[in-house]
Amino acid sequence: MESLKNIPQILNPSAFTKYNEARFSYRRRFTREVKVGDIGIGGANPIRIQSMTTSDTMDTKATIQQTIALYEAGCEIVRITAPSIKDAQNLKNIRDGLRKAGIKIPLVADIHFTPNAAVEAANYVEKVRINPGNYADKKKFAVLEYSNSAYDAELLRIEETFKPLVLKCKENGVAMRIGTNHGSLSDRIMNRYGDTPIGMVESALEFVRICEAYGYKEIVLSMKSSNTQVMIAAYRLLAARMYELDMDYPFHLGVTEAGDGEDGRIKSAVGIGALLEDGLGDTIRVSLTEDSVFEIPAARAIAKRINGSRMREQKDRLNLERSLNESRNPFQYGRRWTQTVETPPFNWGGVHLVRVGIHDRAETSLETCLAGDTRAELIYRTVLPESELNNFSEYKTIINKGGAALAINARHHLTVALASAAFADVVVFCPERGLDEASWSRALRSVIEKLHEKQALEISLSADSIPEFAFGESVIEAMSVTASHAIRVCAEFKNFSIGLHHKELVYAARAIAARLAKEQQMTPLILHWTPNKDADHETLFESATALGSLLCDGIGDAVVLDDPGLGVQDILRLSYNILQATRLRISKTEFISCPSCGRTLFDLQEVTARIKSKTGHLKGVKIAIMGCIVNGPGEMADADFGYVGASAGKINLYVGKDLVERNIDMAEADGKLIDLIKTKGVWIDNPN
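What you are looking at is a predicted structure, and each value in this text was computed from that prediction instead of being measured. (Residues numbered from 1 in each chain as written. Predicted model: local features only at pLDDT ≥ 70, side-chain atom pairs only at ≥ 80, totals over all residues. Heavy atoms only, no water.)

**Re the pattern of salt bridges**
(1) Moving on: Under the counting rule described, the total for this entry stands at 41 salt bridges.
(2) Moving on: With its nearest N and O atoms 2.5 Å apart, the salt bridge here joins D260 to K612. Of the two residues, D260 is situated in the loop between β9 (252-253) and α8 (261-277) and K612 in helix α19 (residues 604-615); the sequence distance between them amounts to 352 residues.
(3) Moving on: With relative accessibility at 22%, the residue K612 sits in the partly exposed group.
(4) Moving on: A network of salt bridges, in which partner residues are shared, links R236, D278, R328, R510 and D553. (Salt bridge = Lys/Arg side-chain N within 4 Å of Asp/Glu carboxyl O. Helix = DSSP H or I, 4+ residues; strand = E, 2+ residues; numbered from the N terminus. Buried < 20%, exposed > 50% of the residue type's maximum accessible area, 1.4 Å probe, protein only.)

**What to know about the side chain of D562**
(1) Moving on: Tracing the chain through its elements places D562 in the loop between β20 (558-561) and α18 (568-581).
(2) Moving on: In this view, D562 contacts H359, R361, W529, T530 and P531; residues no more than four positions away in its chain are not counted. (Contact = heavy atoms within 4.5 Å.)

**So, helix α7 (residues 228-245)**
(1) Moving on: In a regular helix each residue adds 1.5 Å, so 18 residues correspond to 26 Å; α7 covers 26 Å between its end C-alpha atoms and thus fits that length.
(2) Moving on: By the N-cap criterion, in which a side-chain oxygen at the helix start approaches the backbone nitrogen of a residue two or three places on, α7 is capped by N227, the distance to Q229 being 2.9 Å.
(3) Moving on: Positioned one or two residues after α7, D246 has a phi angle of 60°, which is positive. (Expected span 1.5 Å × (residues − 1). Polar contact = N/O pair within 3.5 Å; in protein donor to acceptor, adjacent residues only side chain to side chain.)

**A look at the packing of aromatic side chains**
(1) Moving on: This model, assessed by the stated rule, comprises eight aromatic pairs.
(2) Moving on: When the centroid spacing of 6.4 Å and the interplanar angle of 90° are considered together, the rings of Y135 and F207 count as edge-to-face. Of this pair, Y135 sits in the loop between β6 (127-130) and α4 (148-172) while F207 sits in helix α6 (residues 197-213), and the two are 72 residues apart along the sequence.
(3) Moving on: For F207, a relative accessible area of 0% gives the class buried.
(4) Moving on: Centroid distance F346 to W348: 5.8 Å. Interplanar angle 50°. Geometry classified as tilted. (Phe/Tyr/Trp six-rings, centres within 6.5 Å; stacked < 30°, edge-to-face > 60°.)

**What about the sheet that holds strand β23 (residues 641-647)?**
(1) Moving on: Taken together, five strands build an open sheet; the order of strands is β21-β22-β23-β24-β25 and the sheet is mixed. Looking along the sheet, the strands with just one partner apiece sit at the ends: β21 (590-593) and β25 (658-665). Along the sheet, successive strands turn relative to each other by an average axial angle of 20°, direction set aside.
(2) Moving on: Of the strand pairs in this sheet, strand β24 (residues 650-655) and β25 are connected by five bridges, and their pairing is antiparallel. Counted as the bridge partner of K650 is D665 from β25. (Pairing = 2+ DSSP bridges. Axes fitted to C-alpha atoms, helices over the stretch in contact; angles between N-to-C directions.)

Okay, here's the thing in structure tokens:
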């Protein structure tokens, strides 16, 4: 096998410098427009919303009904699986039935393993989706060695298989999605590039080059994975390759096997939302293990920030784009290295876990904040100047016994900050903005002088806390200058962090992290997310997008989600679920379950709910539930155990990517899965 060292340098992530149009503001990547029927993807079009039917494609009536339901819910493009020529031929009947009902929504044929079905389907649909990992290849996890000449011969073989579809789509004016899935990379790609985002990108580009060789460019590309970190890296690498190769194809975004309920929505918002914030992505699908009509409101909520007027392209941060270089590698997860902040209950920053904070309110009981696995670790209490600072010693004792730290938010009030230093674990303070530079620095130093080495200072930065001497081109630039100045003032006091508050938290945190890296400062960052009071908001999607995006970039040492409309348990659950979706803290069982489609061999919703009820107490165990083998074995390489449909009524069980039991009757499969978990020593009895 060719050594990875022999791969052309352009495939080395460190060789890329540009993956999007802007890092510290929103600017959408320019793409060509690809028409799917009457719907344009890319160009100046909004982010388009897609979904997929779950019925048997041969059941014409059911598929038409599901398509109409999706259309009425706001879906703009509908995908239908075509696993055989017969299914592909029946797409004509489905299309004709929809047209007869007055529904002209574009249809996409979803193809795996069957090139002849793809060519047939191109006669009846507006777009064909193919998976380069299994269109002309098989996945057997075989270890093979390829010389360059042998590899080139494989590419010629693929071209011969793929060429008929390219020519048919070109002739019929049909678009194509070349959709790479992390879980179904071919053995050929795996052996040359490994199970990597680079392999995903090159898998797609091999097929793009064939399309271009025949003058066909009506292409949309996707890089799906169930792992949000892998997904984000793969799309960024793809964008970097597009810039390098002067290609401008639109992107279809999606987290595959996202799961159901809140977990599936959070994971989708993290992966899709992070890339939309990058300016990448032109159409999206939220893949939930639920009836597909429920995917539409979730997708619309994620796309709303981009499609809405409040996310117009921003041109006010050109100086930041020119002056700051990001030290992080955007193509591979790596947590930003920081100094450690120490308080008696716990530490944060450095090698420590990303911590979770909440704002304590009068109606909140401390027992609620400190109960269970998803407990508060930083408890913020805002104290106004007129408030009396009595009885806080007892309050602090209760919090510390619960394993949390008390953070007194003095805001801009110096007298409160100084008084809080007598008992707080963390004093949250920023001098008032009207002070000159010397007075501002003196106020900050006066608080530091009151703190001992096991107390911490959080310098709270927001748009309304920027001193006049720090103002520059934009608010975000001014915040980054203020952060830099504050760190210099605190140089001799190491136990401090910076708390960030901004309605565009992603760009503010990136800019501040970049400035601190430039100045070789390793101060921890605490990410505070509060809903925008001036607009309708959906806390789950917006907080998961903002916090998840930064966490997947390795930025953030604590998260503090604050929405007065939510109860404390809802806030804590959401915070920990965001951390789990980013793979940074696993606080419960991780389920990787695919959405239903016409290939699914059992009722995914029912089976997923049943397995969750039996194994949901296994904290830290990852279980994959897959309806068929299209992505199953590959996507499960990241899971500890896999439950995969083998045929009607039969299940295969996996440990990682290794098949350990084959063709088990469904009636016995749940018990067999539990027995398998027990043999690996990770089973515990449910305490409930």
